[in-house]
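# Close look at the chain arrangement
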Amino acid sequence: MKAARRTPADPRFLGGALALGLLTVLIGGAFVGLIAEGARNPGAAWAAFDSYLLRIIRFTLMQALLSTALSILPALLVARALSRHPTFPGRHLILQLFAVPLALPAIVAALGLLALLGRAGFLAPPLGALTGEPWPGIYGLSGILIAHVFFNLPMATRLFLEALETVPTDQHRLGVQLGFKAWNSFRFIEWPALRKALPSIAGLVFMLCVTSFTLVLTLGGGPRATTLEVAIYQALRFDFDPSRAVALTLVQLALTVIILALLSRLGADAAGEANLSVAPRRFDFPSPRESIANGAILLAAVLFVVSPLAATGIAGLSADLQRLASEGSVHSATLTSLWLAFSAAAFSILLSFALVRTRHALQTQRRDAPPSLFERLTDRGAGYVLVVPPIVIGAGWFILLRTVADLFALAPIMVITVNGVMAMPFALRLIRPAHDAAATRHDRLCASLGITGWNRLRLIDWPSLRRPLLAAFAFAMALSLGDLGVIALFGSDAVKTLPYLLLERMGSYRTADAAGLGLFLALLTLALMLLSDRLGRSRQ
Amino acid sequence: MRNTLLTTLLTGALALGVLPASAQEVLTVYTYDSFTSEWGPGPIVEKAFEAECKCDVKFVSVADGVALLNRVKLEGANTKADVVLGLDTNLTAEARASELFAPHGISAEGLTIPGGWSDDTFLPYDYGYFAVVYDTEKLRTPPASLKELVEGDKNQKIVIQDPRTSTPGLGLLLWIKSVYGDDAGDAWAKLKDRVLTVTPGWSEAYGLFTKGEAPMVLSYTTSPAYHIISDKTERYQAAAFSEGHYLQVEVAGMTTKGARNPLAKQFMAFIKAPGFQDAVPETQWMLPAAETSKPLNEAFDRMVKPTKSLTIPSEEIAEKRKAWIDEWLAVMSR
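Note that residues are indexed from 1 along each chain, following the sequence as it is written. The naming scheme follows written order: chains are lettered A onward, ligands numbered 1 onward. It should be noted that, the model being predicted, local features are given only for residues of pLDDT at least 70 and side-chain atom pairs only at 80 or more, the latter also being counted only at that level, while totals for whole chains, interfaces and linings use all residues. Hydrogens and waters are ignored; side-chain quantities use all the structure's heavy atoms.

The name recorded for chain B in an unreviewed UniProt entry is Thiamine-binding periplasmic protein, from Tianweitania populi. Quoted verbatim from the Sequence similarities (unreviewed entry) heading of the UniProt record, the comment on chain B is "Belongs to the bacterial solute-binding protein 1 family." Under Subcellular location (unreviewed entry), UniProt gives the following word-for-word description of chain B: "Periplasm". UniProt positions are given in the numbering used here, feature names are shortened, and annotations may be inferred rather than shown by experiment.

Chain A has the name Thiamine transport system permease protein ThiP in an unreviewed UniProt entry, where Tianweitania populi is given as its organism. Per UniProt, chain A has the following entry under Sequence similarities (unreviewed entry): "Belongs to the binding-protein-dependent transport system permease family." Comment text from UniProt for chain A, heading Subunit (unreviewed entry), reads "The complex is composed of two ATP-binding proteins (ThiQ), two transmembrane proteins (ThiP) and a solute-binding protein (ThiB)."

This is the structure in structure tokens:
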């Protein structure tokens, strides 16, 4: 924040500073609440540091790093294959399907995966025949990794594709003119764009895997598979030991900062392209051999992502869908989900846009000097909120607010704020490549024509950012639809969402209803994504 | 969208009491959310008690029994709760120590809790026994004792819950502790190979079980009644264990704030009445803590009736829970 005061007052700095201030208040406030409550028993924080902690740190890091590598490397290939073939039937549908896993509660996705790969799964007989003994299922590290790849590969693919699409068409044309084969165009055109995005996308996946909880416990096979997140949850929910929860959260945060700093060495800052592209469209002609390879990659990825979704869908069809669709509680949960997710997504986009604009302005201004702390915070720093468990934020604010306000009324605000903040790192990554590319192209033009403020937003930024903004909005909404972490103590009465209803049915033996609601949630997400895609494309 | 938003906001405002409601006396009951769900006993109990007291019952629901206690402890003397409903006997020692609860003053007469009831702060509203529920299509001969479960065929798996995050998970830990005592660690070392996976809560475990991932799951003796009554199938059965079954009793308590609200005392007495108890069996799928007006569905007669009910005093659990969980962790992480 200090840096903001030193720099000349550019109005674009204000947005980022406000957004960062808000994040600081949200996280800081929660910590203050928990520490104040935990101060009655200060020894508990130190008691958290024992050999058990070391063991779970080791496991957390190992599974998260492996999951990240296994998600990111294939995602690079899939995104590249998609970008080399900008038009083929079903391409849009694939992209929108890739957002669906994000909106599914972890247990629904786990059951979908197990319907294929579990001991009683669809593939168990052939796999058993292959290994010569009854198929043991995927319990253990393998199950955790498969589940994490299922969630993160499609998401990373979409983010990489967003980065690839900022490559100016001129570069592709030039590549064709120079007679580039697949390898050369990868090396000189695609890889620089991918590499620029790599650390931040890998960091995002890493953070999601670090905080994984239900998947790790359910598929991990036993308490050997325990992550820090489990320990935080236990400290806060079962033992109610706030100082321990804060200590563990800080450990999780510190580890993530270190790993992400290491990951950032994988990346490179490529200069933006300041000229407007003159080539009207892509001109690459993948050779038949490359097309076959790309086809195989895409087919494998689609099978991997779609078959568990299909299993979820088929399980859902066995439910009494007609009855479910006519139930009042399903209607009200759908409405609640939609308006909470809509508000959270809107908040998330505001935050992300403010941060992206400020970061770009700061980067342009400093030219070749190293980035200031302020700039770093608007970039990677803001993303660290992902490793602060929502339950920590919820409990901290509950403690702060319990005496001053009506907590029941605050539950929806809490859900919107936390979901919006948690979706921000995703939205940020979807918006930033397009924003930075557009800003590099337009900044000088606008400055010389004197187009600023509202006019610039409306005439210059909106047309070029419309598509990524809408995509980010739908993505954020999908993420918020699936979430239910924050309200444990606040009470659920005012925020009974679809995932909540789903888990409630599951918790009262109604597994068929739960499966039906899982299908419903998946379809709702798909509809949202298709809608945003349509709105983003029209009038282009 | 705007219309929807407005409607939701207005409904929300109404539900939160921002807009003036009728000037009835209000009773606030904190509970967990499966109690107040439309499938739970909440709506039935609310209607029955409101007819009796001519008052307005307001349920506030949080995630589960543990969250319930945490919430009340955090709110302290400022809590809005008159009655807290949904703690279990593993939590009563801790709840009592908070000094936020007042004696209920209801006689234990008529309570059907095995082993009798003598707690004058907390009153039971239902109970159940933990049991291994099995799939008759996958398992011909279920284990007949905890010993047979522990030492049986490693290829016949069971899904259990984590005692660090779930009540049934803690239940199994206490069950094995009460049967094996100091040898519990060795028993877990043997059982470990039969455990397919350890889930964070009951729902995940039961979901895996009904998907056919494992032939056994840790649940309750009364779970099969749900499948018989609602799904019309006898496929899932509970195994009777010769050492006895561990007992779980769910209780309600009146807060010190509630002690000043006459409705709270009336509600505590109502818990024992058929108006409340009739709702318990087929919504909670647990056994009623007192007489119901009609006999239970005959499916309940076919449930396992434990020869012995096992319990560990709440105070001892509060004192040793951490050590026991550490012991479990050490064995299971090997």
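### Notes on the overall build of chain A
By definition, any uninterrupted DSSP run of H or I lasting at least four residues is a helix, any uninterrupted run of E lasting at least two residues is a strand, and each is numbered from the N terminus. A count of helices and strands for chain A gives 23 helices and zero strands. With the principal axes as the frame, chain A shows a C-alpha extent of 65 × 60 × 50 Å. Taking all 540 residues of chain A together, 59% fall into the buried category. Pairs at least 24 apart in sequence give 84% of the contacts found in chain A among residues at least 6 apart. Calculation of accessible area relied on Shrake-Rupley with a 1.4 Å probe; when residues are assessed, cover is drawn exclusively from the protein chains displayed. Summed over all atoms, the accessible surface of chain A reaches about 22100 Å², with 67% contributed by carbon and sulfur. Here chain A carries 46 positive and 29 negative side-chain charges, and the mean point of each set is 6 Å from the other. Exposed residues in this analysis have more than 50% of their type's maximum accessible area, buried residues have under 20%, and partly exposed residues fall in between, with area computed by a 1.4 Å probe over protein chains only. Throughout, a residue-residue contact means that at least one pair of heavy atoms, one from each residue, lies within 4.5 Å. Asp and Glu are treated as the negative residues and Lys and Arg as the positive ones, with His and the ends of the chain left uncounted. The location of each charge is read from NZ of Lys, CZ of Arg, CG of Asp or CD of Glu.

### A few points about a nonpolar patch on the surface
Think of a patch as exposed residues, more than 30% relative accessible area, with no salt bridge, where like charges cluster within 9 Å and nonpolar side chains (Val, Leu, Ile, Met, Phe, Trp, Tyr) cluster within 5 Å. Take a side-chain nitrogen of Lys or Arg and a carboxyl oxygen of Asp or Glu: if they are within 4 Å of each other, that pair is a salt bridge. Taken together, A:M62, A:L66 and A:L141 make up a surface patch of nonpolar side chains, about 210 Å² in accessible area. Classification of A:M62 by relative accessible area gives partly exposed; the value is 37%.

### Things to note about the side chain of A:T256
Structurally, A:T256 is set in helix α14 (residues 242–263). Apart from the residues within four sequence positions on either side, A:T256 is in contact with A:F206, A:M207, A:Y384 and A:V387.

### Re the environment of A:A514
Residue and element names in this part refer to chain A. Here A514 is to be found in helix α23 (residues 511–537). Between the alpha carbons of A514 and A99 there is a distance of 21 Å; along the sequence they are 415 residues apart. Filtering out sequence-adjacent residues up to four positions away, A514 remains in contact with L502, R505 and M506.

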